[in-house]
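# Tertiary structure, described
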Amino acid sequence: VLVGPSGCGKSTLLRMVAGLETISKGEVAISHRVVNDVDPADRDIAMVFQNYALYPHMTVYENLAYGLKNRGTPKAEIDARVAEAARMLEIQPYLERKPRALSGGQRQRVAMGRAIVRKPSAFLFDEPLSNLDAKLRVSMRGEIKRLQRRVGTTSIYVTHDQLEAMTLADRLVVLSGGRIEQIGRPLDVYHRPATTFVASFIGSPAMNLVNGEVHGGKLALGPVLIDLDASVPAQGAVTVGLRAEDLRLHRGGEGGLPFRVDYVEELGAQRLVHGFVGDQSLVVAVSSENPLPETASLSITTSRLHFFDSASGRRIDWSGEERSKALAASLPALEVAAS
């Protein structure tokens, strides 16, 4: 899954793979074949767009079969492939309908079915769920996940929705400003963000990022000093990352970081408490069963702290700054011309 904010280059990168954008540098290989100069129609890929791109004058069956007919596929094979895709996507009752008689979710299934019947080397999904309502997006996410497992074909999926990215991806590629910030499994990216951008983009709520100073094994957050482990990873000014679920909220202001509650978001089983430590804002995730104290303090597990270089935004590992720099230098730095 390629994920990032609007304009970061993710759709441009997908279009490069599809052959719809010219590649100025580097190579694209599909099934070990370099396809830089291969026409889109000959790359053996199938693309699913956010606007469905169905032919309105054709039935669902005709939409599914159109590409195969153009390739001269025998009718018996077309019928078999269409029937298999329709069964997978549970659209058998709609094969004789026109797209205008279908709901948004049904149209998106037809668009996916048209890609499936091709049996390509790779599927390319360009924000296919962005036109659906919130409830339908959740159910379609599950359908795409199950479908990908069943078909077993490599899929590249573009989205700006980090929750969609986390739930669908086997491998996550986070982009910002035409550059790859981090590649990894979703939970690895969540628990070990490589940069402050990734930390703030992946996760809901976003990771708290605050300014701090490390001196002599102690972390200063405003007027409060926190004892750190002996293997402190940095010295001087740092950006400190704290996940909302790694903070503990206590009644009263003693024995922790004094926390001034600003407002609360009720999410059902969980509530997000927004407030301030000094002049720096923090979000704390707590169970909705716990009553909110009038005065509160925070405790922090120091092993769950994330440290980032204040200037570059790069992660500083607990195992040492030099190792962190080596890891950062080894990260891909693919430049993409954003359209």
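Residues numbered from 1 in each chain as written. Predicted model: local features only at pLDDT ≥ 70, side-chain atom pairs only at ≥ 80, totals over all residues. Heavy atoms only, no water.

## Some details on unusual backbone geometry
Residue proline 205 is reached from serine 204 by a cis peptide bond, and omega for that bond is 5 degrees. Relative to the helices and strands, proline 205 is located in the loop between α8 (196-201) and β9 (208-215). Even without being glycine, aspartate 44 reaches a positive phi, approximately 60 degrees. In this fold, aspartate 44 is placed in the loop between β3 (33-34) and β4 (45-48). (Helix = DSSP H or I, 4+ residues; strand = E, 2+ residues; numbered from the N terminus.)

## A look at the sheet that holds strand β1 (residues 2-3)
Neighbouring strands of a sheet are bound in pairs by backbone hydrogen bonds; such pairs are parallel or else antiparallel. Ordered in space as β4-β5-β6-β1-β7-β8, the six strands form an open sheet in which the pairing is mixed. A strand with exactly one partner marks an edge of an open sheet, and here the two such strands are β4 and β8 (179-184). Summarising the sheet, strand β5 (residues 122-126) and strand β6 (residues 154-159) pair through five bridges and their orientation is parallel. Paired with phenylalanine 125 across the strands is tyrosine 157, a residue of β6. Relative to β4, helix α4 (residues 104-116) is tilted by about 175 degrees, and along the sheet it contacts β4 and β5. (Pairing = 2+ DSSP bridges. Contact = heavy atoms within 4.5 Å. Axes fitted to C-alpha atoms, helices over the stretch in contact; angles between N-to-C directions.)

## What to know about the packing of aromatic side chains
One pass over the structure, following the stated rule, counts four aromatic pairs. Taken together, a centroid distance of 6.2 Å and an interplanar angle of 50 degrees make the contact between phenylalanine 123 and phenylalanine 125 tilted. Phenylalanine 123 sits in the buried class, given a relative accessible area of 6%. The class of phenylalanine 125 is buried, set by a relative accessible area of 6%. Through a chain of ring-to-ring contacts, three or more aromatic side chains come together here, namely Phe123, Phe125 and Tyr157. Here the basic side chain of arginine 243 rests over the ring of tyrosine 190, its NZ or CZ set 3.9 Å away from the ring centre. (Phe/Tyr/Trp six-rings, centres within 6.5 Å; stacked < 30°, edge-to-face > 60°. Buried < 20%, exposed > 50% of the residue type's maximum accessible area, 1.4 Å probe, protein only. Lys NZ or Arg CZ within 6 Å of the ring centre and 35° of its normal.)

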